[in-house]
Each structure stands twice: as structure tokens, then as C-alpha cells.
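# Summary of structural features
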2 protein chains.
Amino acid sequence: MESKNRSHCPVTYALDLIGDKWSLLMLRDIILFDKKYYHEFTQSLEGISTNILANRLAMLEGNGILLKVRDEQDKKRFIYSPTEKGLDLLPVIISMVLWSAKYDADTVAPLDEIKKIEQDPAAFMNKVRSKFSGEKMPDPVAL
Amino acid sequence: MESKNRSHCPVTYALDLIGDKWSLLMLRDIILFDKKYYHEFTQSLEGISTNILANRLAMLEGNGILLKVRDEQDKKRFIYSPTEKGLDLLPVIISMVLWSAKYDADTVAPLDEIKKIEQDPAAFMNKVRSKFSGEKMPDPVAL
DNA sequence: TGAGGTTGCTTGTGTTTTGCAAGTAAACAT
DNA sequence: ATGTTTACTTGCAAAACACAAGCAACCTCA
């Protein structure tokens, strides 16, 4: 499930991995809306088809952006979570959100939340990141 | 040449306009590499086919991201330039560049330039923007 | 003035990707 | 044991894409 790179231009590298209409929406659901399970992704507003969803989940996992583990509470399910590489895409998502909030007259982005993000994006990102400060973080470097 | 929106989520709005493998590469060429002409886009590293190129140029123009004007020096050519809406996508491009520079072991992004952008992204964006401070900027608000 | 080159597309044709509906298998619930 | 939930997979039609060729407007130079 590898993507072949068109070039090693950094814009191209990112687009070859997440430059489609679904991958960043899935990361939005995982990172911002706390979705974890396959069936939760099928319930998003935009209606992804299940074959595309399965394909993208495998691709994102294969490229180290998502982590997939069996749910020990209910072994027929899997829990998807962002890796550090996935969480590091938050600035991409946020810059898209700010751009759309500015130019989409019909945006549903809440204005007060947008203003908070604009004033202190680092604070917003830290708050989001703190939700995932669990088992999948790399070991802290010893002092 | 309109894109229909899947939803008015701000992530979706951005992806519906520029969430494909080519649009942001073209904006990279226009904004960062100073490309202006159709034939210059065909010469990029990644090799876009001409029908897709023509389609995307029309789409980006139709959505107010690019401006297309006839070149008065050579009337068989057109000059493409970013609108304010197009220039406002610079944060999206930059955040992708920083992410790829971090995770692509084979990136061609120059390390010293990346560090400068990381330390002061606003300064980099202003420098890039100053290249386009010409006729297509909106009139400054009267004092 | 007209022949050839440049530029910016458009048009075919085949391949790949996507969307939609239906089906399957493992785990679980009763 | 039977039905249900969950996570996919499969088949097929539609759309998007890549590649090659063609074409029209404009320019160049004789």
C-alpha cells in the first residue's frame, strides 16, 4: 500500500500521501472529532464509500500516519488513532480551516472558535494534541 | 466550472477546491517559483498532462484563486497570477512543506531555508507576498 | 504577404480511480 | 445455535485521468 512519489519536492510528497478528497477528512474526524472506529467514519457528513474508506485507512496506516490496533474490549472492532506523523498534519488542517472560514460565505465554522485559533494557533494545537498524549507517544528522552 | 460542495465543513470546502494532486502544485509554481505561462506549467518536474492543466487553470480562475490576463507584450500568451484568495493558500503550502521536510527522508527541501521558515513563517510569507504587490491587489482602504 | 514556428489549448482513446450496492467473515450477544 | 454487529471485500457502472495528436490564434522573418 505504498504511494510512489512523483518527485521529492516537499509539496509533492505531502500531496502524494494526503492530496485526495478523503484522507484529510478522515484525519479531521480522528484528530478533531475523536472518531476511532470504522463505522464512525462511514457516518460522516460527506458519505465516503466503504471500499474507499478501507483503502485509505490501509494507506494511511501503511504510511505511518495512522495506527490500527484491535479493541480489547470488543475484539471485532479496531481502534484507529493518529501517530505523531499524523498529528503533525494538524497545521495543514488548521490552515485549510482558516482559509475556508475566510472565503466560504456559507461556512459552518464557528466564528468565535476561528478567532481563537487565529489569535493563538499553538494553544489550540496543544489542546488538541493533549487528547492523544497516551500510549502511542514515543518514549520521552531521558534527562 | 464550479465545484459542488460535499458539505460546508471548512476542511471540505478547501478540499473540494484544491484537494487534488495538481492544484496546489500549480499554486506552488505560481507563488513560489514565479511561473506565469501555460507552457511553464507543462515543464514542471511532475509532468501534468495538458488537458488536466487547462481544466485546473479554468477551475482555479473560476473559483477566484487565479487571475488570467492576456500578455500585452505577446498576445498569444496569457499571464496567470494568484489572487488574494490564492495567496492566502500560502499557509497551506508552507505547512505541507514543513511536514514533508520532517518526514521525507529524501526531501529536496533545503534545510537552512526550512529552518528560516520555521523560525519566522510570517517573514517568509511577507517576502513571498511582496512579489505580487502589483495591480491585482485590492485598493487600500482610505484613511 | 505568406510560410513556418510558438503558444494555448481541445479532442480522441484507453486506463485508472471512484461510487454504489451487495455480499462475506469474525466476533459477540442471547 | 441463531441472529447481530463490525469490518471489510467484490462486482459493476460512471467519472477522472494520462497520453498522443490535432488545431487555431498570434508572432517572426523573408
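In what follows, the accompanying structure is described. (Residues numbered from 1 in each chain as written. Chains lettered and ligands numbered in written order. Predicted model: local features only at pLDDT ≥ 70, side-chain atom pairs only at ≥ 80, totals over all residues. Heavy atoms only, no water.)

## Some remarks on the packing of helix H7 (residues 111-119) of chain B against helix H8 (residues 121-130) of chain B
Residues and elements named next belong to chain B. Rules: Structural elements are reduced to axes, namely lines fitted to C-alpha atoms, with helices fitted over the stretch in contact, and the angle between N-to-C directions of any two is expressed from 0 to 180 degrees. Numbering goes from the N terminus for both helices and strands, where a helix is a DSSP run of H or I of at least four residues and a strand is a run of E of at least two. Note on angle classes: values under 35 degrees are labelled roughly parallel, values over 145 roughly antiparallel, values of 65 to 115 roughly perpendicular, and the remainder oblique. Residue contacts follow a heavy-atom distance rule, with two residues in contact if any of their heavy atoms lie within 4.5 Å. In this classification, the charged set is Asp, Glu, Lys and Arg, the nonpolar set is Ala, Val, Leu, Ile, Met, Phe, Trp, Tyr, Cys and Pro, and all remaining amino acids, among them Gly, are polar.
Put simply, H7 and H8 touch, their axes get as near as 5 Å, and they point 105 degrees apart. What the angle tells us is that H7 and H8 run roughly perpendicular. Across the interface between the two elements, Glu113, Ile117, Glu118 and Gln119 from H7 touch Pro121, Phe124 and Lys127 from H8. Of the residues contributing to the contact of H7 with H8, the split by class is three nonpolar, one polar and three charged.

## Quick notes on the layout of surface pockets
Over the atoms a probe the size of a water molecule is rolled, and this reveals where empty space is left. We count it as follows: Points on a 1 Å grid, built from protein atoms alone, make a cavity when a 1.4 Å probe fits but cannot get out and make a pocket when they are open with protein on both sides within 12 Å along at least 5 of 7 lines; residues with an atom within 4 Å of a point are the lining residues. Grid points are joined across faces, edges and corners, and a volume is the space filled by probe spheres set on the points.
Roughly 880 Å³ of volume is contained in the largest pocket. For the lining of the largest pocket, the secondary structure elements donating two or more residues are helix H6 (90-103), helix H7 (111-119) and helix H8 (121-130) of chain A together with helix H6 (90-103), H7 and H8 of chain B. The greatest single-element share of the lining of the largest pocket, amounting to seven residues, is contributed by H6 of chain B.

## Digging into the relation of the copies chain A and chain B
Worth spelling out the cut-off: What sets the superposition is a least-squares fit of C-alpha atoms, and only residues with pLDDT of at least 70 in both copies go into it.
With an RMSD of 0.0 Å, chain A superimposes on chain B once it is rotated by 180 degrees and translated 0.0 Å along the axis. Between the two chains, the operation in question is that of a two-fold axis. When you check the interface residues of chain A against chain B, 100% turn up at the interface there too, and the contact is symmetric in its surfaces.

## Re the protein's contact with DNA strand D
How we decide: Summary of the distance rule: residues count as near a molecule or strand when at least one heavy atom falls within 4 Å of that molecule or strand. Distance and chemistry together define a polar contact, namely a pair of N or O atoms within 3.5 Å, with one atom able to donate a hydrogen and the other to accept it when in protein, and with adjacent residues in sequence counting only for side-chain atoms on both sides.
DNA strand D sits among 20 residues. The nearest are Thr50 and Tyr80 of chain A together with Asn51, Arg56 and Lys75 of chain B. What you see for DNA strand D is that sugar and phosphate hold 68% of its atoms within 4 Å of the protein. Between a phosphate oxygen of DNA strand D and a main-chain N or O atom of histidine 39 of chain A, the distance comes to 2.9 Å. The contact in question runs from a base nitrogen of DNA strand D to an N or O atom on the side chain of asparagine 51 of chain B, over 2.8 Å. Elements with a contribution of two residues or more to the surface near DNA strand D: helix H3 (38-42), helix H4 (50-62) and strand E2 (78-82) of chain A together with helix H4 (50-62) of chain B. Taken together, the residues that form the surface near DNA strand D break down as seven nonpolar, six polar and seven charged.

## Quick look at the environment of leucine 32 of chain A
All names here are of chain A. As a reminder of what qualifies: Burial classes: relative accessible area under 20% of the type maximum marks a residue as buried, over 50% as exposed, and values in between as partly exposed (1.4 Å probe, protein chains only).
Within the fold, leucine 32 resides in the loop between helix H2 (23-31) and H3. Of the residues examined, leucine 32 reaches a relative accessible area of 24% and is grouped as partly exposed. Spatially, the C-alpha atom of leucine 32 lies 13 Å from that of aspartate 88, the residues being 56 residues apart in sequence. Leaving out residues up to four positions away in the same chain, leucine 32 has contacts with Leu27, Leu90, Ile93, Phe124, Val128 and Lys131.

Interpretation note: all reported values are geometric properties and have no functional meaning in isolation.
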